[in-house]
Amino acid sequence: MRLLTHNMLSSNIKGVINGFPLRIEADNVVVKQVDFNPDFLKNMFSKIDWKALAEASKIMGYPELPDETPDHSILDSDDFLQKFHHALLELHLEEGALVCPETGRRFPVNKGIPNMLLHEDEV
Amino acid sequence: MSSRPELQAPPEIFYDDVEARKYTSSSRIVGIQAELSERALELLALPNDGIPRLLLDIGCGSGLSGETISENGHQWFGIDISRSMLDVALERETDGDLILGDMGQGLGLRPGVMDGAISISAVQWLCNADKSCHEPRLRLKAFFGSLYRCLGRGARAVFQLYPENNAQRELILSFAMRAGFAGGVVIDFPHSSKKRKEYLVLTCGPPSTSTMTPSAKVEDSNSCSDDESSGDEENQTVSYRNRPRKRQKITKKGKTRSWVLKKKEKMRSKGNVVPPDSKYTARKRKSRF
Ligand SMILES: C[S@@+](CC[C@H](N)C(=O)[O-])C[C@H]1O[C@@H](n2cnc3c(N)ncnc32)[C@H](O)[C@@H]1O
């Protein structure tokens, strides 16, 4: 699972009000190279929750993103776009867990697939 | 169609390792799913500006539909309830991320972030109650409500589906409308039993010209008559927006006239003796004559 997906996912447990961001427990992170597409990044930028991405990226071993949401003008910087690209699309959480920030419920991640299935009493 | 998989077992049981493998090793299935996905993407009507969008694939299974999304240059992640199907998707090294999840429990996604969603041959599964705790209506409500929230305004969701009957189609649609979607059903090749394919095209947000149900060759009719209406058009559109409730001829349990006529025709073709059709056919009896 890439941080792009992590940035969209939230905990869906009944009664949870703020299920985002899911805290990452990273046991194994792999890097897979993908084509760099600045148009996609520029388009995505406004939808990304920046703090969640920067924090997740740090946990995944890549502390290169600014902590605070950068100004839109930063999208002109190729250096920034490369880092954004790497964090968003190339870091994969292979093994570990996603943890609901409100309840502490762990959603295990196996072979890159988070198991978000809820138990009966969580629906 | 007595062999509807939906009626055999819950999806996570039906799509076990064996079925998941069968699914992607059949070149026939692979071809069909690619074609359906291609059409669904077309109906999504994403802006034609070359910018990759972020799409959701609901019931992504072994990733066949996702591969079509990738081929069209977009980013995606998918959700599916069957681990076996997802494992096959892993083997096929799909570009999109995979999430093990049940759409009937609602999608746990941030509001307004998705540029669109497709779902190929999956949503009809929601109409079954596979567990004692399953209430199809609640699951449909949770699903469409959460889908509506995660889509950006004006974004679309396109579902290719195989409803079991009119009532099921109406049920699915009614929950989509209740969640706030506008849209309707597009039926490709309505007169061919083999090629006939059905797509639910939904748009998120207030109605505008872009929320009108797309079609190639339009014939305005409602779903009750789509099997009877003659004509050569290859594509029909059934628009549901703002149709007053009363005019929806399909009641929850009742049979429509078209359903009865079709049934009678089928019985006749089997050689059964069936009363002739008249204006009284399928009318409700007064409680007393
Ligand atoms: C006919 S397959 C289609 C798979 C894929 N979209 C394709 O085109 O190859 C239907 C898929 O829907 C999934 N499905 C059924 N019910 C589901 C649910 N409640 N939540 C998520 N996925 C579900 C099944 O596991 C199965 O993989």
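Every value quoted in this text rests on a predicted model; they were computed, and no experiment measured them.

Reading guide: rules and limits
Residues numbered from 1 in each chain as written. Chains lettered and ligands numbered in written order. Predicted model: local features only at pLDDT ≥ 70, side-chain atom pairs only at ≥ 80, totals over all residues. Heavy atoms only, no water. Near = heavy atom within 4 Å. Polar contact = N/O pair within 3.5 Å; in protein donor to acceptor, adjacent residues only side chain to side chain. Areas by Shrake-Rupley, 256 points an atom, 1.4 Å probe, with all protein chains shown as cover. Core = buried A, V, L, I, M, F, W, Y, C linked by side-chain atoms within 4.5 Å. Buried < 20%, exposed > 50% of the residue type's maximum accessible area, 1.4 Å probe, protein only. Contact = heavy atoms within 4.5 Å. Salt bridge = Lys/Arg side-chain N within 4 Å of Asp/Glu carboxyl O. Helix = DSSP H or I, 4+ residues; strand = E, 2+ residues; numbered from the N terminus. Buried area = accessible area lost by both parts, 1.4 Å probe. Nonpolar A, V, L, I, M, F, W, Y, C, P; charged D, E, K, R; others polar.

Here the focus is the site of the ligand. Residues and elements named next belong to chain B. In the vicinity of the ligand, 21 residues are found, and the nearest of them are Gln33, Gly59, Asp80, Asp102 and Met103. In this structure, Ser65 approaches the ligand through a side-chain N or O atom, which is 3.0 Å from a nitrogen atom. At 2.8 Å, a side-chain N or O of Asp102 approaches a nitrogen atom of the ligand. If the ligand stood free it would expose 600 Å²; the protein chains cover 98% of that surface.

The biggest cluster of nonpolar side chains holds 74 residues, and the ones touching the most others in it are A:Phe84, A:Leu98, B:Leu56, B:Phe143, B:Phe144, B:Leu147 and B:Phe159. Residue contacts for A:Phe84: discarding those within four places in its chain leaves A:Leu41, A:Phe45, A:Ile48, A:Trp50, A:Leu53 and A:Leu65. Membership of the second largest hydrophobic core comes to 21 residues, among which are B:Leu43, B:Leu100, B:Ile120 and B:Val201.

As a working rule, side chains carrying opposite charge can pair if their charged atoms are close by. All names here are of chain B. Summed over all chains, the structure comprises 23 salt bridges over all chains. In this structure, Glu19 engages Lys22 in a salt bridge whose closest nitrogen and oxygen atoms are separated by 3.2 Å. A residue pair is termed a helical-turn pair when its members lie 3 or 4 positions apart in one helix, as Glu19 and Lys22 do in helix H2 (residues 17–25) at 3 residues. By relative accessible area, Lys22 is classed as partly exposed at 49%. Across the salt bridge formed by Lys264 and Asp277, the nearest N and O atoms sit 3.0 Å from each other.

On the chain A side, the residues contacting the 31 residues of chain B number 31 residues. Among the residues of chain B in contact with chain A, B:Asp97, B:Gln105 and B:Arg110 are the three that bury the most area, contributing 26% of the side total. Between B:Asp87 and A:Lys111 there is a salt bridge, and its shortest N-O distance comes to 3.5 Å. Across the contact surface, chain B and chain A share 16 residue pairs in polar contact (both at pLDDT 80 or more). Listing elements by their share of the side of chain B that touches chain A, those giving two or more residues are strand E2 (75–80), helix H5 (83–91), strand E3 (97–100) and strand E4 (114–120) of chain B. Looking at side-chain class alone, the side of chain B that touches chain A contains 16 nonpolar, 7 polar and 8 charged residues.

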